[in-house]
Amino acid sequence: MIASAETQAVATLNLDSADDPEIWVDPNDSRRALIYATDKKAGLYVYDIEGKQKQFLPVGPMNNVDLRSGLKIAGLPDTVIAASDRVKGGAALFTLDAATLQTAPSGFVAIPASEAYGFCMGVTRDNRLSLIMVGKDGDVTQSVLTVENGQPKATIVRQFAVGSQSEGCVADDVSGRLYIAEENVALWQYGLDPASGNTRTAVESLPSQKLVADIEGLTLLRDGVKTYLIASSQGDSAFAVWRVEGATPVYQGRFSVYPGNGVDAVTGTDGVAALGGAVGPYANGVVVMQDDSDTDGETPAAASQRQNFKIVDWNTIKAALKIE
């Protein structure tokens, strides 16, 4: 399929820089939407839904970013944005001023890990915001975020080992499931509730025709009553899709993003984010993914040096996979 748009390239060139995106939309006005994206050498980018850079926060090497909006948790703002900080060893926190669409740093919490690498957030059924740090060696630390005396605090509630290098993770607040990508082994499903411990089942194990190592970014998209899990298959620059609202995952197919509409193909894909419902011009949802070679980018440097993020209409993916 073909992307609808792309972001401006990140400024860091000729390095493994662009990594992971996330999407925010104003619940009262779907025309107001933002894409957050990490430059793991420099900081956090904020783009509008057309891919134009709105902000850059030079906060240092951010690897994975996630957010939760519409929170009703005492002491926390309505929207919490956080990213794994590989240098400081924890999560950098940010707040969004919904009126101005300006994002600002709001603190840091240390979280133990072999290296702060993969990261995602989830709201547990007892209405607590979890920060889930996936260390590069596959160690996972789940903490609860609170604010004490005006300062953020992360309290560890669970630690377990995946087994080997892992990064991508995403939490399903509705089903209470947590998905983690062990890059060369399997896509795993855990429970989001800390009491579930390290119990897991494999959504897909390698070697596989659905996922080619490395398994990288993971994201969820809700389309009405249906929930879709999307995993990036870095080994062949593709994405695999499952329906996951039921008792067991149901495979839906694979897709790749080819050149067209003046936008180049997605290659060596890493992070991926999705959001269902109306998001800017996308009536039913949008998927944003990292591209490791932005051959139609906006900077004058050689194309092989640029990295950015592609924006794909969910309706285009549904049509290609014949999803009803």
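Residues numbered from 1 in each chain as written. Predicted model: local features only at pLDDT ≥ 70, side-chain atom pairs only at ≥ 80, totals over all residues. Heavy atoms only, no water.

A. Focus on the overall build of the protein chain. A tally of regular secondary structure across the protein chain gives one helix and 24 strands. On C-alpha atoms alone, the protein chain measures out to a radius of gyration of 18 Å, which is about the 20 Å that the 2.2 N^0.38 rule sets for 324 residues. Principal-axis analysis of the C-alpha atoms gives the protein chain an extent of 50 × 40 × 40 Å. Each of the 324 residues in the protein chain was classed as buried or not, and the buried ones make up 56%. Long-range pairs, those at least 24 residues apart, make up 50% of the contacts in the protein chain between residues at least 6 apart in sequence. Split by element, the accessible area of the protein chain, about 12,300 Å² in all, is 49% carbon and sulfur. (Helix = DSSP H or I, 4+ residues; strand = E, 2+ residues; numbered from the N terminus. Rg over C-alpha atoms; globule rule 2.2 N^0.38 Å. Buried < 20%, exposed > 50% of the residue type's maximum accessible area, 1.4 Å probe, protein only. Contact = heavy atoms within 4.5 Å. Areas by Shrake-Rupley, 256 points an atom, 1.4 Å probe, with all protein chains shown as cover.)

B. Just the sheet that holds strand 3 (residues 29-39), in detail. Strand order across the open sheet formed by four strands is 2-3-4-5, with antiparallel pairing between neighbours. The open sheet has two edge strands, strand 2 (18-26) and strand 5 (53-57), and neither has a second partner. The mean inter-strand angle of the sheet, taken between neighbouring strand axes irrespective of direction, is 20 degrees. (Pairing = 2+ DSSP bridges. Axes fitted to C-alpha atoms, helices over the stretch in contact; angles between N-to-C directions.)

C. Broad picture of the state of the cysteines. Tallying each qualifying case throughout the model produces one disulfide. Between the sulfur atoms of Cys120 and its disulfide partner Cys169 the distance amounts to 2.3 Å. Between Cys120 and Cys169 the disulfide shows an S-S torsion of about -125 degrees. By sign, it is left-handed. One end of the pair, Cys120, is in strand 10 (residues 116-123); the other, Cys169, is in strand 14 (residues 166-172), with 49 residues separating them in the sequence. Of the two residues, Cys120 and Cys169, both sit in the buried class. (Disulfide = S-S within 2.5 Å.)

D. Just the sheet that holds strand 8 (residues 90-97), in detail. Ordered by their spatial adjacency, four strands build an open sheet running 6-7-8-9, and the pairing between neighbours is antiparallel. Strands at the two margins of the open sheet, each flanked by one partner only, are strand 6 (62-68) and strand 9 (102-110). Taking each pair of neighbouring strands and ignoring which way they run, the sheet shows an average axis angle of 25 degrees. Of the strand pairs in this sheet, strand 6 and strand 7 (residues 80-85) are connected by five bridges, and their pairing is antiparallel.

E. Expanded view of the pairing of strand 7. With six of six residues buried, strand 7 lies mostly within the body of the structure. Sheet topology note: the strand 7/strand 8 ladder contains five bridges and is antiparallel. Note that in strand 8 the partner of Ala82 across the bridge is Leu93. Counting the residues in the hairpin turn of strand 7 and strand 8 gives four residues, including Gly89, whose phi is positive at 80 degrees.

F. Representation of the pattern of salt bridges within the structure. Within this structure, the stated rule accounts for 19 salt bridges. Between Asp29 and Arg31 there is a salt bridge; the shortest N-O distance is 3.0 Å. Put simply, Arg68 and Asp66 hold a salt bridge, and the shortest N to O gap is 3.7 Å. The network of salt bridges with shared partners includes Glu6, Asp264, Asp291, Asp294, Arg306 and Lys310. (Salt bridge = Lys/Arg side-chain N within 4 Å of Asp/Glu carboxyl O.)

G. Local environment of the nonpolar core. Tyr36, Phe94, Met121, Leu129 and Leu145 are the most contacted members of the largest nonpolar core, which has 32 residues in total. Secondary-structure elements contributing two or more residues to this core are strand 3, strand 4 (43-48), strand 6, strand 7, strand 8, strand 10 and strand 11 (129-135). Ranked by residues supplied to this core, first place goes to strand 8 with five residues. If you look at the next biggest cluster of nonpolar residues, it comprises 20 residues, including Val241, Ala274, Met289 and Val312. (Core = buried A, V, L, I, M, F, W, Y, C linked by side-chain atoms within 4.5 Å.)

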